[in-house]
Amino acid sequence: MRRLVASGVCAVIVSSNELQMLVLKACRGVGIPMAQAQEVAVALVKTPDALEALLPHLAQPIKTAHYDFSAGLTVRGASLLRDFSACADAAALGVQPIRICGMAACDLAHALARSRGLSIKADGADVVFTGSEAARPEVSRGVVAPEIWQRLSSFAALTYVPETDSSRLGGAGAGLSDND
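This one's a predicted model, so the numbers in the text were calculated from it and none came from an experiment. (Residues numbered from 1 in each chain as written. Predicted model: local features only at pLDDT ≥ 70, side-chain atom pairs only at ≥ 80, totals over all residues. Heavy atoms only, no water.)

1. Brief notes about the sheet that holds strand β3 (residues 66-68)
Reading across the sheet, the five strands line up as β3-β4-β5-β7-β6 and stay open at both edges, with mixed pairing between neighbours. Bordering the open sheet on either side are β3 and β6 (118-123), each of which pairs with just one other strand. Within this sheet the neighbouring strands show an average axis-to-axis angle of 20 degrees, counted without direction. Of the pairings in the sheet, the one linking β6 to strand β7 (residues 126-132) comprises six bridges and is antiparallel in character. Residue pairing for β7: Asp123 is matched across the bridge by Asp126. Against the sheet, helix α4 (residues 80-92) makes contact with β3, β4 (73-76), β5 (98-100), β6 and β7, and its axis sits at roughly 170 degrees relative to β5, the strand it touches most. (Pairing = 2+ DSSP bridges. Helix = DSSP H or I, 4+ residues; strand = E, 2+ residues; numbered from the N terminus. Axes fitted to C-alpha atoms, helices over the stretch in contact; angles between N-to-C directions. Contact = heavy atoms within 4.5 Å.)

2. Thoughts on the nonpolar core
Counting 50 residues, the largest nonpolar core has Val23, Leu44, Leu51, Leu54, Leu58, Phe129 and Leu152 as the members making the most contacts within it. With seven residues, the top contributor of residues to this core is α4. (Core = buried A, V, L, I, M, F, W, Y, C linked by side-chain atoms within 4.5 Å. Buried < 20%, exposed > 50% of the residue type's maximum accessible area, 1.4 Å probe, protein only.)

3. A short note on the pairing of β7
Where β5 and β7 come together, two bridges link them in antiparallel fashion. Paired with Ile100 across the two strands is Val127, which belongs to β7. Between β6 and β7, which pair antiparallel in sequence order, lie two residues; one of them, Gly124, sits at a positive phi of approximately 70 degrees.

4. With respect to unusual backbone geometry
For the peptide bond that leads from Gln96 to Pro97, omega is -15 degrees, which places it in the cis range. Note on placement: Pro97 falls in the loop between α4 and β5.

5. Focus on the packing of helix α2 (residues 34-46) against helix α5 (residues 107-115)
Running from amino to carboxyl end, α2 crosses α5 at an angle of 95 degrees, the nearest separation of the two axes being 8 Å. Classified by the interaxial angle, the pair formed by α2 and α5 is roughly perpendicular. Residues Glu39, Val40, Val42, Ala43, Leu44 and Lys46 of α2 pack against Leu108, Ala111, Leu112 and Ser115 of α5. Residues belonging to the contact of α2 with α5 are distributed by class as follows: seven nonpolar, one polar and two charged. (Parallel < 35°, antiparallel > 145°, perpendicular 65-115°, else oblique. Nonpolar A, V, L, I, M, F, W, Y, C, P; charged D, E, K, R; others polar.)

6. Points about helix α1 (residues 16-29)
Taking 1.5 Å of rise per residue, 14 residues should cover 20 Å, and α1 covers 20 Å from first to last C-alpha, within 8% of that figure. What α1 keeps buried is the set Leu19, Leu22, Val23, Leu24, Ala26 and Cys27. Just beyond α1, the residue with positive phi is Gly31, at close to 95 degrees. (Expected span 1.5 Å × (residues − 1).)

This is the structure:
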């Protein structure tokens, strides 16, 4: 990780691995299952401009989603971070139409779709899958605003074990003595 200051603007330059691991930890910190957290992390490495759109989704409580397969797939009460992958899987299997109700098509939703080679559009307050997208983004180093990096780090810190004698006795860290 490097800091870049140009024209009075400060940014953090990170490798794709650093960015992917921080996003993964941030998602895990708020309770997103591992597979979905990995998918979000991979998508945001490919589209780091969508990091700012991730932050409000990390702060939202995860709701129970209701899936209706009676005419394609309609999802109500979805958490974008948890439920997008199921919709993308359905799209890959040819299910049509796919609609996530009550979720605006933000930069994060577009990044997740592009990562899977799909395209989406906004239809009122809903996200609708519209089909395949030919070009997937390439992975490169990320340039992240320091305040976004800091907020992601605070969500990632939710995965840390508290530093106490009892946690060390339970196996966290190096234990009570580190004789390496």
